Amino acid sequence: MDWYLLLSAILLPALSAVLCFIVKNQKARIAIVSISTLILFAVAYGFIVLLLNSPDGRIVYHFNESTLEVVSWIIKGFDLILFSYIAYVGIKHKKAIVVVLCVLQFIPWALFEVFGVFGKVFEPEQAFVIDYLSLIMIMLVSIIGPIITFFALGYMKEHEHHLKLTVSRQPRFFMILFIFLSAMNALVMTDNLSWMYFFWEITTLCSFLLISHDGTEIAIKNGLRALWINSVGGVAFIFAIILVNSSLDTLSIQAISESGMQGAFTGMLPIALGLLCIAGFTKSAQFPFQSWLLGAMVAPTPVSALLHSSTMVKAGVYLVVRISPAFSGTILGQLVAISGGFTFAVASAIAISQSNGKKVLAYSTIANLGLVICCAGIGTRISIAAAILLMIFHAVSKGLLFLCVGTIEQGIGSRDIEDMQGLFKLMPFTTVITVIGMISMMLPPFGVLITKFMAIETAVDQPLVLLLIILGSALTVVFWGKWIGIILTMSYKPKFHIEKLTFSMEAALSMLIIFVMIASIGIVPLYNVFVKPQVLAFALTDKGALFGEGMGIWLHNMDNAVYGGFASIIFFILVLLLMVAIPFFAHRLKPTRLKPPYLCGGNASDDMRGLEFISPGDKTENVVVRNYYMQGVFGEEKLTTGANIIAGAIVLIILGVVIGL
């Protein structure tokens, strides 16, 4: 059964991709996507059962020597095809940097993998290892990913209608989505760093193909930007592979993770770890590599949701968290924490200046990924637990919010926050889900806030990192609160409309909002069953600990004394009671008790909507309600260049420090 699950997780999405591309019929495509979604759910469930019943908390897939050699050469063949295609893309679009970066990867790869110039390649016989961190990623990829794909069934039909396409491009679109899922599952399961690089590059190529899917000039431009920026990470990755192989005599990712405990943080290994962190920074769109993710907003909404929630960017933070025990407590760890904290604070600040809903979500994603990397850099048990929990909560909530914004955009023809005023009248179902999704990103008892609290608690020994986390957390509340306020603003006598969504869109939104609630309500078992075993398996030296007990989670110091915590379930019950009580009493409030707002003149009508008033010149004026965006303080033009320079300097310092160790 183990092998069937492994093959299903990797090959089933690949098979679905082929079928979606070959079969042009819409009904057949719906059937393929639906069946694949259910099977991937089953695969994720199968891995959960297998791992929970595993005595040592790991599922290991061994290859004998001959099989390992055959599979390795097959992957090298696909690597060569991948290099060739990326170079072709660069030549076709006359993008020299894409070609140059492709060559910079190909030459060391060929010398190392094919010709053995740098010595023997030590590939691990345990080709795939699934521990609890891998399992969490499998759940994100194989549950959230298919839900987004299912949502795309209804969304892409309307999307192509707006584009007035005469020939549907959906077969190509769904093919790339499923290849993406296949590569992500393989990436998080393999224990071979060289194989991870191959799957890593597949996600890079898929992101280019999806971002440029509409074929417009801006789409292709932004797709190429994603391709070359992530290729920078690819160059760092391939050199890291060579250094790891020579330092540890193995390409086992598990061995890299455990190397810090074995005193191997010397010689060339720190450089390799620094390069792997930089590769993770590019993939997770950390400053100064963030522009590709912002440009990805031109892609259809399911692409944005997939890139931001369960794939692409999560691959970057997965890599950094995975190897974080190797540099825990070192100066490299401190610099990684500062880099992540800096991204968290700056991205949150710029998000305040944005009125484009997708851009707000994009900056929010960059910020939260920064916090994950910051926690990985801090490198304590509690911070690693916070990083893994944040990966889960962020994936679910952000996947939901991107789908909500896409649904809103199709409903009102705009993604501008200011155009969402009174949205509840037009799209009540989507509005409620959107608001809950936003609240889940900033208020208790939802998990994101709890992880920020944990990050703050564990950063007290690093004042600069602590300041950045506090600053970023405060700024986060501003842009979410502003957005929620404009959505819920409406007249006193609204005329409600019945919202009509396709089944696939409504089902996807419903499933994700259920997962958002379940994840936060069940944070205690979520931590105890899936996160805690992984934190303990990392075998970090600090004595702090996080316990999921009773009605909440609690932080213990080295003396086992409780110094913080959240009674999350009690919080949830209180919030649910308020959610029921407030609308009930608001409904009982009679209109006659309401007073018309003062508008610098007499109201134009007596319906108390307050949208028009008589100005001193006896003219009827419209009331315009807008948020402040403070462009002069938090605007992209004000902050981005300086932030890129500082973040670039931090990256250079990381390189300088690891080379000097």
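Residues numbered from 1 in each chain as written. Predicted model: local features only at pLDDT ≥ 70, side-chain atom pairs only at ≥ 80, totals over all residues. Heavy atoms only, no water.

The name an unreviewed UniProt entry gives the chain is NADH-quinone oxidoreductase subunit L, with Ruminiclostridium herbifermentans as the organism. Note on the chain: under the UniProt heading Sequence similarities (unreviewed entry), the record states "Belongs to the CPA3 antiporters (TC 2.A.63) subunit A family." (UniProt positions renumbered as here; feature names shortened; annotations may be inferred.)

**Thoughts on the overall build of the chain**
Check the secondary structure of the chain and you find 25 helices and eight strands. A compact globule built from 661 residues would reach a C-alpha radius of gyration of about 26 Å, and the chain, at 25 Å, matches this within 12%. Within the span of the chain, comprising 661 residues, buried residues form 58% of the whole. For the chain, long-range pairs separated by at least 24 residues make up 78% of all intrachain contacts whose partners lie at least 6 apart in sequence. Accessible surface for the chain amounts to roughly 25,800 Å². Of this, 68% is attributable to carbon and sulfur atoms. (Helix = DSSP H or I, 4+ residues; strand = E, 2+ residues; numbered from the N terminus. Rg over C-alpha atoms; globule rule 2.2 N^0.38 Å. Buried < 20%, exposed > 50% of the residue type's maximum accessible area, 1.4 Å probe, protein only. Contact = heavy atoms within 4.5 Å. Areas by Shrake-Rupley, 256 points an atom, 1.4 Å probe, with all protein chains shown as cover.)

**Some thoughts on the packing of aromatic side chains**
Taken as a whole and judged by the stated rule, the model has 18 aromatic pairs. With 6.2 Å between their ring centres and 90° between their planes, Phe-150 and Phe-503 make a pair best called edge-to-face. Linking Phe-150 in helix 5 (residues 132-163) with Phe-503 in helix 21 (residues 503-521), this pair joins segments that are 353 residues apart in sequence. Among the residues examined, Phe-503 registers a relative accessible area of 65% and is labelled exposed. Plain terms: the ring middles of Tyr-197 and Phe-237 are 5.6 Å apart, the flat faces sit at 50° to each other, and that makes the pair tilted. Of this pair, Tyr-197 sits in helix 7 (residues 193-211) while Phe-237 is found in helix 8 (residues 217-248), placing the two residues 40 residues apart along the sequence. The buried category is assigned to Phe-237, whose relative accessible area is 0%. In this structure an aromatic cluster arises from ring pairing among Trp-3, Tyr-61, Phe-63, Phe-128 and Trp-195. (Phe/Tyr/Trp six-rings, centres within 6.5 Å; stacked < 30°, edge-to-face > 60°.)

**Quick word on the environment of Ser-397**
Counting through the fold element by element, Ser-397 comes out in helix 16 (residues 381-412). Assessed through its relative accessible area of 3%, Ser-397 is described here as buried. Separated by 122 residues in the primary sequence, Ser-397 and Ala-519 have C-alpha atoms spaced 9.9 Å apart. Contact partners of Ser-397, with chain neighbours within four places excluded, come to Gly-437, Ser-440, Met-441 and Val-516. Polar side-chain contacts of Ser-397 include one of 2.9 Å to the side chain of Ser-440. (Polar contact = N/O pair within 3.5 Å; in protein donor to acceptor, adjacent residues only side chain to side chain.)

**Describing the sheet that holds strand 8 (residues 620-622)**
In a beta sheet, neighbouring strands are held together by backbone hydrogen bonds and run either parallel or antiparallel to one another. What the three strands build is an open sheet, ordered 6-7-8; its pairing is antiparallel. Single-partner strands in this sheet number two, and they are strand 6 (602-603) and strand 8. Where strand 7 (residues 612-614) meets strand 8, three bridges bridge the pair, whose relative direction is antiparallel. Each bridged residue has a counterpart across the sheet, and for Phe-613 the counterpart in strand 8 is Glu-621. (Pairing = 2+ DSSP bridges.)

**A look at the domain arrangement of the chain**
In terms of domains, the chain is made up of domain 1 (1-319) and domain 2 (328-588). Placing a centre on the C-alpha atoms of domain 1 and another on those of domain 2 gives a separation of 25 Å. Contact residues are listed per partner, giving 48 residues for domain 1 and 52 residues for domain 2. Across the domain 1-domain 2 interface, the total number found is zero salt bridges. The tally of links between domain 1 and domain 2 comes to 11 residue pairs in polar contact (both at pLDDT 80 or more). With 18 residues, the single largest contributor to the side of domain 1 that touches domain 2 is helix 5. Grouping the constituent residues of the side of domain 1 that touches domain 2 by class yields 34 nonpolar, 11 polar and three charged. (Domains from an automatic or database assignment. Salt bridge = Lys/Arg side-chain N within 4 Å of Asp/Glu carboxyl O. Nonpolar A, V, L, I, M, F, W, Y, C, P; charged D, E, K, R; others polar.)

**Description of helix 22 (residues 523-537)**
Note that an α-helix has 3.6 residues per turn; residues three or four places apart therefore point the same way. Taking 1.5 Å per residue as the helical rise, helix 22 with its 15 residues ought to reach 21 Å, and the 20 Å between its terminal C-alpha atoms agrees with that figure. Helix geometry: helix 22 is bent most strongly at Val-531, by close to 45°, with proline Pro-533 lying one to four residues after it. Turning to helix 22, its buried residues are Ile-523, Val-524, Leu-526, Tyr-527, Phe-530, Val-531, Gln-534 and Val-535. Remark: Ala-539 follows helix 22 within two positions and exhibits a positive phi of approximately 50°. (Expected span 1.5 Å × (residues − 1). Bend = angle between axes of the 7 residues up to and from the residue.)

**Comments concerning the sheet that holds strand 5 (residues 562-566)**
Strand order in the open sheet formed by three strands is 3-4-5, with antiparallel pairing between adjacent strands. If you trace the sheet from one side to the other, it starts and ends with strand 3 (545-549) and strand 5, each paired once. Taking each pair of neighbouring strands and ignoring which way they run, the sheet shows an average axis angle of 25°. As paired elements, strand 4 (residues 552-556) and strand 5 share four bridges and run antiparallel to each other. (Axes fitted to C-alpha atoms, helices over the stretch in contact; angles between N-to-C directions.)

**Description of the environment of Glu-506**
Tracing the backbone through its elements, the reader meets Glu-506 in helix 21. When its relative accessible area of 35% is taken as the criterion, Glu-506 is described as partly exposed. Residues Glu-506 and Phe-429 lie 77 residues apart in sequence; the distance between their C-alpha atoms is 8.9 Å. Residues in contact with Glu-506, not counting those within four places in the same chain, are Phe-429 and Leu-501.

**A look at the state of the cysteines**
This structure, assessed with the given rule, holds zero disulfides. The structure places no disulfide on Cys-206, whose sulfur is separated from the nearest cysteine sulfur, that of Cys-20, by 14 Å. Of the residues examined, Cys-206 reaches a relative accessible area of 5% and is grouped as buried. With no disulfide of its own, Cys-375 lies 5.6 Å from the sulfur of Cys-374, the closest cysteine sulfur. For Cys-375, a relative accessible area of 1% translates into the label buried. (Disulfide = S-S within 2.5 Å.)

**Re the side chain of Ser-182**
For Ser-182, the location among the structural elements is in helix 6 (residues 170-189). Of the polar contacts made by the side chain of Ser-182, one reaches the backbone oxygen of Ile-10; its length is 2.5 Å. When neighbours within four sequence positions are excluded, Ser-182 is seen to be in contact with Ala-9, Ile-10, Pro-13 and Ala-14.

**A word on the nonpolar core**
The biggest cluster of nonpolar side chains holds 233 residues, and the ones touching the most others in it are Phe-47, Met-189, Leu-193, Phe-237, Met-454 and Trp-483. The element that contributes the greatest number of residues to this core is helix 16, accounting for 20 residues. The residue makeup of this core includes at least three contributed by each of domain 1 (1-319) and domain 2 (328-588). (Core = buried A, V, L, I, M, F, W, Y, C linked by side-chain atoms within 4.5 Å.)

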